[in-house]
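Understanding the architecture of this molecule
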Amino acid sequence: MKNQNRGQIRIIEAFLAVLIIFSSLAISANLSVTQNTKASSGLASIGLQVLLKLDSDGSLARYIDNEDWHTLRDSLNLVLSAGIAFDLTVYNDQMQQVNTDVVSNGDFSSQDIAFVEYACASQGSDFHCYIIHLYLAVAT
Amino acid sequence: MRRCKRRFGANSSGQLLVVAALSIAIIISSTTIYVYELSKEAKSRDSRSITDFIFALKQATRNAMISSLADVSKGGERAILEDNLNNLSQVFMNLHQFGMCYLSFMVFNDSRYDSGICLSWNTNNSGASSAYTNFTLKLDHMMTDIVVDYAVNVTTTVVISGSYTKLEGEEKLVNLTCQVSDKEEPTLAKKITLFYEDLGSWIPINSSNNLSVADYGNGTYLLSFTISTLSDVQVSAHVHDVREIFVQANATCTEA
C-alpha cells in the first residue's frame, strides 16, 4: 500500500513539475517574445515607410548628396512620431561611412531596437547610390 | 478489507497515469499551437516588410533611371544608363537584411530606343525623352526565394503650340502654350528656354523680347513674347523638368 501511494505521489509530483515548467515557459514567451517582436517589427515598418516617403521625390538622396545632415535630421524628426528615437548612418557603394555629422535625436535607452536597411539612389544627373542603416527605438 | 484497499490503490494509480498523460498531451499540443500561431504572425509581418523592402528597391531603380536619363538628355553617353544600373546592382548585393539581393536588367532596344534611351526631339510640336529597362530582382530569403520581374519607363514629354499676330513692321507678338508631362501625368518644368529662328540661326528669347510666362501650376505654361522676323515664326522650347530631364520641342506658329 505504501509503495503504491509513493508511486502515485511521484506521478503527481512529476505532473506538477511539468505543469510549472510549461507555465513558466508560456508566460515568459508571452511576455518577452511576443511584445518585443511586435514592437520592433512595427518600428522597422514605420522606419521603412518614412525612408520611402522621403525618397519618393528624391529628397533623401538630395540631402545626402548636399551633405545636408541638419535638414535630414529635421525631416526624420518631423515625419517620425514623437517618442521614437532614431540613429541613421549613410554608407557609400564601398560601404564607407558618408555622414560626417551624427544624424540622431537622442540616446537609445530602450532594449527594443529596430533595424532598417535601405538602398537609396539619387535622381540628379550625377548618379550616386547609398546604403542607409536606420536604428529606431521607443524613447523612454 | 486489506485486499479491497490494495485493489482500489492499484486502480487509482492507473487512472492517475491516464489523467497525467492526458494533461501532458494537452499541454504539449497547446504549446505547439501557441508556437505555430506565433510563427504564423511573425511570417505575415515578415512578408509585409519584404513587400515594403522590394518597393524600396524598385524606387531605387526608378531613381537610377531618372538620373541616367537626366544625364543622357543633357549630352551624356547612352552607356551611362547601363553603368549606373550596374553600380546599383553592386550596391544591392551589400544588402543583407532580407537575404542576398541580386538585380539583373535588360535595357530596351528597338527602332526608337537605343541602349534603353529614346530622345525624340525632331517631331513637330512635341518632344520626348525616355528611358526603358526590364528588371529581374531576386531575393534569396531564408525561407523562400523571391523573384520579381518588372519594367521601369521614365518619360518626359513636351507639347507646344502657338500663334502670332503682326504688330508694326516686322514685329510679331507670339503666344505659345507649352505642356509638360511625365508619361501621361502633368509635371512641372524647372526651367524653360525659348528660341526663334531668324535667317537660319536660332536666337534666344529673353526679357528684351517682352517675355512673359503664366504658370498654371498643372504643367501648362502660357508664354508671350515679341520677335522681329521676316520669315515664318519657328520656335523651339528647351525644357528641364523638375527631375532635371531635358526635352526639346520645335513648332511653327500660325497667324491668328
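Residues numbered from 1 in each chain as written. Chains lettered and ligands numbered in written order. Predicted model: local features only at pLDDT ≥ 70, side-chain atom pairs only at ≥ 80, totals over all residues. Heavy atoms only, no water.

Further remarks concern the side chain of Thr-156 of chain B. Residues and elements named next belong to chain B. Mapped onto the elements, Thr-156 comes out in strand β4 (residues 145-166). By relative accessible area, which is 1% here, Thr-156 ends up buried. Separated by 2.8 Å, the side chains of Thr-156 and Asp-241 make a polar contact. Side-chain polar atoms of Thr-156 contact the side chain of Arg-243, separated by 2.9 Å. (Helix = DSSP H or I, 4+ residues; strand = E, 2+ residues; numbered from the N terminus. Buried < 20%, exposed > 50% of the residue type's maximum accessible area, 1.4 Å probe, protein only. Polar contact = N/O pair within 3.5 Å; in protein donor to acceptor, adjacent residues only side chain to side chain.)

Below, the discussion takes up helix α3 (residues 69-79) of chain A. Along an α-helix, residues three or four positions apart point the same way, because every turn accommodates 3.6 residues. Where α3 of chain A is concerned, the buried positions are Trp-69, Leu-72, Arg-73, Ser-75 and Leu-76 of chain A. Buried positions in α3 of chain A, seen along its axis, are confined to an arc of 160° and lie on one side of it. (Arc of directions from axis to C-beta.)

Residue and element names in this part refer to chain B. Enumeration over the complete set of coordinates arrives at eight aromatic pairs over all chains. Measuring from centroid to centroid gives 5.5 Å for Phe-108 and Tyr-113, while their planes differ by 75°, and the two rings are edge-to-face. Relative to Tyr-132, the ring of Tyr-113 has its centre 6.0 Å away and its plane inclined at 65°; by these criteria the two rings are edge-to-face. On the criterion of sequence distance, the pair formed by Tyr-113 in the loop between β1 (100-107) and β2 (117-120) and Tyr-132 in strand β3 (residues 126-140) is long-range, its members being 19 residues apart. (Phe/Tyr/Trp six-rings, centres within 6.5 Å; stacked < 30°, edge-to-face > 60°.)

With 13 residues, helix α2 (residues 80-92) of chain B should cover 18 Å at 1.5 Å per step; its first-to-last C-alpha distance of 18 Å lies within 8% of that length. Within α2 of chain B, burial applies to Ile-80, Leu-81, Asn-84, Leu-85, Leu-88, Ser-89, Val-91 and Phe-92 of chain B. (Expected span 1.5 Å × (residues − 1).)

Before going further, it helps to examine the pairing of strand β8 (residues 201-205) of chain B. In the case of a regular strand, side chains alternate between the two sheet surfaces. Strand direction decides the pairing type here: strand β7 (residues 189-198) of chain B and β8 of chain B, joined by five bridges, are antiparallel. Across the sheet, Tyr-196 of chain B pairs through a bridge with Ile-203 of chain B, a residue of β8 of chain B. (Pairing = 2+ DSSP bridges.)

Looking at chain A, pLDDT values average 81 and 81% of them are 70 or higher. For chain A, per-element mean pLDDT is lowest for helix α1 (residues 2-55) of chain A, which scores 71, and highest for helix α2 (residues 59-65) of chain A, which scores 93. (pLDDT = per-residue confidence, 0-100.)

What follows concerns unusual backbone geometry. Positive phi, close to 60°, is recorded for Met-95 of chain A, a residue that is not glycine. Mapped onto the elements of the fold, Met-95 of chain A is located in the loop between β1 (84-91) and β2 (103-104). Judged by its relative accessible area of 32%, Met-95 of chain A falls in the partly exposed class. Even without being a glycine, Glu-244 of chain B presents a positive backbone phi close to 70°. Secondary-structure assignment places Glu-244 of chain B in the loop between β11 (233-241) and β12 (246-255).

Another aspect to go through is the pattern of salt bridges. Residue and element names in this part refer to chain B. As enumerated under the stated definition, the model contains five salt bridges over all chains in all. A salt bridge links Asp-140 to Lys-138; the shortest N-O distance between them is 3.9 Å. Residue Asp-140 is classed as partly exposed on the basis of its relative accessible area of 25%. You can call Lys-138 partly exposed: its relative accessible area is 33%. Of the charged contacts, one joins Glu-244 and Lys-190 as a salt bridge, the two residues approaching to 3.5 Å between their closest N and O atoms. Of the two residues, Glu-244 is situated in the loop between β11 and β12 and Lys-190 in strand β7; the sequence distance between them amounts to 54 residues. Looking at Lys-190, the relative accessible area reads 53%, which means it is exposed. A network of salt bridges, in which partner residues are shared, links Lys-74, Lys-190 and Glu-244. (Salt bridge = Lys/Arg side-chain N within 4 Å of Asp/Glu carboxyl O.)

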